[in-house]
Amino acid sequence: MSGTTPRLGLKTFDQSDPFLRQDFNDNYGKIDAYPGVYICTSGSRPAWGGAQTGLRIYETDTRREMVWTGTAWRALLDAPPVWTGYVQPNAAMGKDTHVYYKMATFAVNRPGALLVHLEVEFQCQSLYTANVAARPQIDGSDSQIGSTSSYMRVHQTNTSGAGWSRHFMMGAVGLRTVGVGSHNFGIHFYTTPSSTTSTVSVSLASVRGYAMLVNSQDT
């Protein structure tokens, strides 16, 4: 009795069952439905039409894989898309003050997770001690990885006179699962109500960062 191959289910011949013309046609149909990657160069791509939509080629000279859309060649989306953002608010802040800034809005074409990295530049007057914190925001929600925020305590270095403004940098990283559609990222920056001086003087100078679409877990 004839059998079938384990992967594609092609009919096999064992001399006990007649191998008919239809058996050949069925086998060829299954093979045609499971094509492999077509090997070529960037200058010898096949002339395909609508029936080949979704098939891939591998270019030996560029080491790229391309997919045929039915009308054009497109690169595979195997590298994560990245969106950048920048704000320069120079926002003056006192004790227990919160500010929020959206840095970029963009369209996501597949579900995944947005990984956001921010570099925050702020100034603090030397006459005061200030507790400052930063949280990445994704779609308007705090999305800090780990603790509730990236935190820094800047100590007072002068007790009299005019003092001076000191510049500091701090990083913050966030992650949030997203679906297909429009999304954005930004920053939530704030000073806490606790400090060792009665007032504080902080300025959020600038924030730069990026969002990267990744898979947060292997599913």
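Read on for an overview of the structure.

1. A look at the packing of aromatic side chains
Step number 1: According to the stated counting rule, one finds 7 aromatic pairs in the structure shown.
Step number 2: Between Trp48 and Trp73, the ring centres sit 5.4 Å apart and the planes meet at 45 degrees, which makes this aromatic pair tilted. With Trp48 in the loop between strand 1 (38-40) and strand 2 (56-59) and Trp73 in strand 4 (residues 73-75), this residue pair connects regions lying 25 residues apart in the sequence. Residues Trp48 and Trp73 agree in their burial class; the two are buried.
Step number 3: A ring pair is formed by Phe106 and Phe185, whose centres lie 6.3 Å apart and whose planes are at 50 degrees; its orientation type is tilted. Placement of Phe106 in strand 7 (residues 98-108) and of Phe185 in strand 13 (residues 181-191) is noted, with a sequence separation of 79 residues between them. In this structure, Phe106 and Phe185 share a single accessibility class: buried.
Step number 4: The rings of Tyr38, Trp48, Trp68 and Trp73 are connected pair by pair, giving a single aromatic cluster.

2. As for the sheet that holds strand 3 (residues 64-68)
Step number 1: Strands sit in the order 1-2-3-4 across an open sheet of 4 strands; the sheet is mixed. In the strand order of this sheet, the two ends are held by strand 1 and strand 4, each with one partner. Across the sheet, the mean angle separating the axes of adjacent strands is 35 degrees when strand polarity is ignored.
Step number 2: The pairing of strand 3 with strand 4 spans 3 bridges and is antiparallel. If you follow Val67 over to strand 4, its bridge partner there is Arg74.

3. A look at the pattern of salt bridges
Step number 1: Applying the stated criterion across every chain yields a total of 5 salt bridges.
Step number 2: With a closest N to O distance of 3.8 Å, Glu65 and Arg56 form a salt bridge.
Step number 3: A relative accessible area of 32% places Glu65 in the partly exposed class.
Step number 4: In this structure, the salt-bridge partner of Arg135 is Asp142, at a minimum N-O distance of 2.8 Å.
Step number 5: Judged by its relative accessible area of 30%, Asp142 is partly exposed.
Step number 6: Among the ionic contacts, a cluster of salt bridges with common partners joins Arg45, Glu59 and Arg64.

Conventions we followed
- Residues numbered from 1 in each chain as written.
- Predicted model: local features only at pLDDT ≥ 70, side-chain atom pairs only at ≥ 80, totals over all residues.
- Heavy atoms only, no water.
- Phe/Tyr/Trp six-rings, centres within 6.5 Å; stacked < 30°, edge-to-face > 60°.
- Helix = DSSP H or I, 4+ residues; strand = E, 2+ residues; numbered from the N terminus.
- Buried < 20%, exposed > 50% of the residue type's maximum accessible area, 1.4 Å probe, protein only.
- Pairing = 2+ DSSP bridges.
- Axes fitted to C-alpha atoms, helices over the stretch in contact; angles between N-to-C directions.
- Salt bridge = Lys/Arg side-chain N within 4 Å of Asp/Glu carboxyl O.

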